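# Structure assessment
Spelled out from the first residue to the last, the chains are:
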Amino acid sequence: QDSYIGTSHFGFCTDVLHLNFPRPFRGSAGRAMSVHIDMKNLPNLPGFHMPTAKENHPRPHTWNTVNGTRMEMKEGLSHEKPKFVKVIKPVETWRSGSLPDSTTRNMFAKAGAQTGVEHCELPAWDAFDRHVLRFYGFFKEAVVESNLENYRVRNIVFFYYLEDDTCHVIEPRQDNSGIPQGQFIRRHRFPAPGGGYLKPEDLQVGSELQIYGRSMFITDCDAFTRAYYEQAGLEQGPAEVSELDPFNATRDAMKVNCAVAPRTYEKMYREVMLGGGHVNADMQQFLENDRKVLRFFCIMDDLATPQFERRPFLILYFLSDDKVEIREMYPLNCGRDNFPIFFRRGKMPLGKYNVDGPQSQPRKKSEFVDGRDFYVGQEMTLLTNYRFFIYDADEFTRQFFKEEMNRELEPRIEVQLPERAVPRAPTPPYTGYGSWDDSMSSVTHLIPKPPAKDFNKLFTHADKVLRFKARFADPKPEDMDRVFVVSFYLQDDCLSIHEPPQRNLGIVTGRFLEKAVHMNQITGSLFRPEDLLPGTLIKVYNHEFEMLDMDEYTRKLFNDPMAQFKSFDLQAMLEKLRESMRQQFPLVRDIFRRFDMDHDGVITIGEFRKALEKFGFAGLPEETVVQLLRHFDTREDGQVSYNEFCD
């Protein structure tokens, strides 16, 4: 028996004892055995102990430069310890396939197995992101030099942010309060009365908070806050009623809570006989009908302009003071100056409009326009000679006429004119200078813009060229033997003509027509694939050609236009793939490792696509790659394991 204590390559003693038993005598089938013993479980000699193995070796960082000043980076002095919370680990979705897990993956999977409940720690800024506790409450503010009240109750909303334990207080805004409201205390960490900072446990419905000398009473919280405290085992109390201050109590007491007797002529007579009863009728009308406006939609046919125009208007009648305002609703791109007020708010007399002087007699109320006399479908003349037609009213106006006037307005009347057909000038013929798209840009735009490209067509028909054989239609004697190749590019509808070299021709061959978008002078439009079929004539730049033949690719495309969209031969594709893989790697294991780039035991769609490019199958469509992956993926889980790849 041979025993020794294992040492590391640095010379330090480890805590594992290796016992090696000798190999048996010759002829036996056994092998040498090795036993590992943990030295931590053995008693130590006095004064000796086993070295402790550390898993982490952090580098201390004590000094740092902040704003140009060197300072000590110490927890509690310059920063606080980050707040971590325990959350339940998410469901494991890792699939290792047939290969064993890596060391890091194995340690991560068994991290929570020792405690029995799998939890993980997350920083509070991540776990409690946008988690805010909201409480409602009030505080009392002393009021001096007032005989109506000696204190005032101000309502507040208290927010507590769980991500960083900060708080802030706002006061809801009230109309005509005369008090600066809104943000009451900015967001920061509030100090607790007993020292430290405020925590969620200190916030309870029905309790008081002492914040910077103010006593804030919490009356209620929202549903999310109650659910959070119930989950933590601290239930909030029931909601409490906010206190009413003397000023608001006095205002509520002034409001009439019961119906009063209607005013009659006898009551008014007796009040006048007693020296009262002089009611301010205009003020009473203002208090009862303030912010109540009747709105009518109307049109006016303007015949004064050289071209007939139907102008939309809006008539507003204010019930508080019987005044009228007319606004013009300008359509989009109408060409008029933006002055929407057609008649400023004021009293509008009936009939002819005259400007009254200081010595003029005041008009009676019946001589002014009354909006209660309007109705849908009415045609009326206002401001001497302007004729308006009412075709609709808003919902409040209809409800007012139904409840107060005991009559309903007619439904909306359609008054919109049909859209005028704008005459379009004919497109001038193509001059031949520049490309056709550039010339059309000068026609359609006042300031020429670069023509837009059809990217869908570019990607669909990329590198697809139709080639045809042609000759001159009416050649000269020296041009009888000249042959041309006409190429049409499907991705951008460009055309080019090339003359292949011939022996003893006596003419310099090569490029005859540069690749560009050209126009067929016979049809008067741009070239299309149908114009280049054998037997047809084309004419470009006063040269007329007769189409003779086409290549095999072009013939297949014309015979079956959907040939490019047909499904490919899967078996032939697989045979080519297998042959290519056998030539590079003889073992299936090596091929699988070539595909599995991150070595997680499975092949994803991205890894499969990259591996196909390395094996010489670059440029395959996405549908082809997915169909090849589905052939190997027998379990239909979107990835291929080692066993599936071998099968």
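Residues numbered from 1 in each chain as written. Predicted model: local features only at pLDDT ≥ 70, side-chain atom pairs only at ≥ 80, totals over all residues. Heavy atoms only, no water.

Another point: the overall build of the chain. Within the chain one finds 15 helices and 29 strands. Relative to its 647 residues, the chain shows a buried fraction of 28%. Restricting to contacts in the chain with at least 6 residues of sequence separation, those with at least 24 account for 45%. Surface summary for the chain: the accessible area is close to 46600 Å², and the carbon and sulfur share equals 53%. (Helix = DSSP H or I, 4+ residues; strand = E, 2+ residues; numbered from the N terminus. Buried < 20%, exposed > 50% of the residue type's maximum accessible area, 1.4 Å probe, protein only. Contact = heavy atoms within 4.5 Å. Areas by Shrake-Rupley, 256 points an atom, 1.4 Å probe, with all protein chains shown as cover.)

So, on to the sheet that holds strand 12 (residues 208–211). Within the open sheet, the six strands sit side by side as 11-10-9-8-13-12. Their pairing is antiparallel. Each edge of the open sheet carries a strand with a single partner, namely strand 11 (182–188) and strand 12. Neighbour-to-neighbour, the strand axes of the sheet open up by a mean angle of 30 degrees, direction not taken into account. As judged from the four bridges shared by strand 12 and strand 13 (residues 214–221), these two strands associate in the antiparallel manner. Directly across from Q210, in strand 13, lies its bridge partner S215. The strands touched by helix 3 (residues 223–232) within the sheet are strand 8 (132–142) and strand 13, with strand 8 carrying the most contacts at an inclination of about 115 degrees. (Pairing = 2+ DSSP bridges. Axes fitted to C-alpha atoms, helices over the stretch in contact; angles between N-to-C directions.)

With that settled, the discussion passes to the packing of aromatic side chains. For the coordinates displayed, the defined rule picks out 19 aromatic pairs. Centroid distance F158 to F190: 5.8 Å. Interplanar angle 75 degrees. Geometry classified as edge-to-face. Remark: F190 occurs in the loop between strand 11 and strand 12 and F158 occurs in strand 9 (residues 151–161); sequence separation between them is 32 residues. An identical accessibility class is assigned to F158 and F190; each is buried. With 6.3 Å between their ring centres and 80 degrees between their planes, F342 and F388 make a pair best called edge-to-face. (Phe/Tyr/Trp six-rings, centres within 6.5 Å; stacked < 30°, edge-to-face > 60°.)

A few words now on the pattern of salt bridges. Applying the stated criterion across every chain, the model contains 33 salt bridges. One salt bridge in this structure joins E414 and R412, with 3.7 Å as the shortest N-O distance. The exposed category is assigned to E414, whose relative accessible area is 60%. One salt-bridge network, in which partners are shared between bridges, spans E141, E149, R152, R154 and E171. (Salt bridge = Lys/Arg side-chain N within 4 Å of Asp/Glu carboxyl O.)

The next subject is the side chain of T554. Topologically, T554 is positioned in helix 10 (residues 552–559). Beyond its immediate chain neighbours, meaning those up to four positions away, T554 contacts V465, L466, R467 and F468.

Right, let's talk about the side chain of D479 for a bit. Inspection of the secondary structure puts D479 in the loop between strand 20 (465–472) and strand 21 (484–489). Here the side chain of D479 touches R482 through a polar contact of 3.4 Å, side chain to side chain. Discounting chain neighbours no more than four positions away, the residues touching D479 are F472 and I507. (Polar contact = N/O pair within 3.5 Å; in protein donor to acceptor, adjacent residues only side chain to side chain.)

Within the fold, H188 resides in strand 11. The sequence separation of H188 and D165 amounts to 23 residues, and the corresponding C-alpha distance is 8.2 Å. If we ignore the near neighbours within four places in the chain, the residues touching H188 are T166, C167 and Y212.

Once that is clear, we can look at the sheet that holds strand 23 (residues 510–516). Spatial strand order, 23-22-21-20-27-26: six strands in an open sheet with antiparallel pairing. Across the chains shown, the open sheet's two edge strands, defined by having one partner strand only, are strand 23 and strand 26 (537–540). Averaged over neighbouring strand pairs, the angle between their axes works out to 30 degrees when direction is ignored. Pairing analysis gives five bridges linking strand 20 to strand 27 (residues 543–550), with the strands arranged antiparallel.

All right, on to the confidence of the model for the chain then. Chain-level statistics for the chain give a pLDDT mean of 81 and a share of 85% at 70 or above. Predicted confidence is poor over residues 1–13, with pLDDT under 50, and the contacts of this stretch with residues over four places away or in other chains come to 23 contacts. Segment residues 25–30: pLDDT under 50, and one contact once partners within four positions in sequence are set aside and those in other chains are kept. (pLDDT = per-residue confidence, 0-100.)

A separate point is the pairing of strand 20. Across six bridges, strand 20 lies against strand 21 in antiparallel orientation. Residue pairing in the sheet places L466 in a bridge with F488 of strand 21.

The next point concerns the environment of N385. Tracing the sequence through the fold places N385 in the loop between strand 18 (379–382) and strand 19 (386–393). It is 9.2 Å that separates the C-alpha atoms of N385 and Y353, two residues lying 32 residues apart in sequence.

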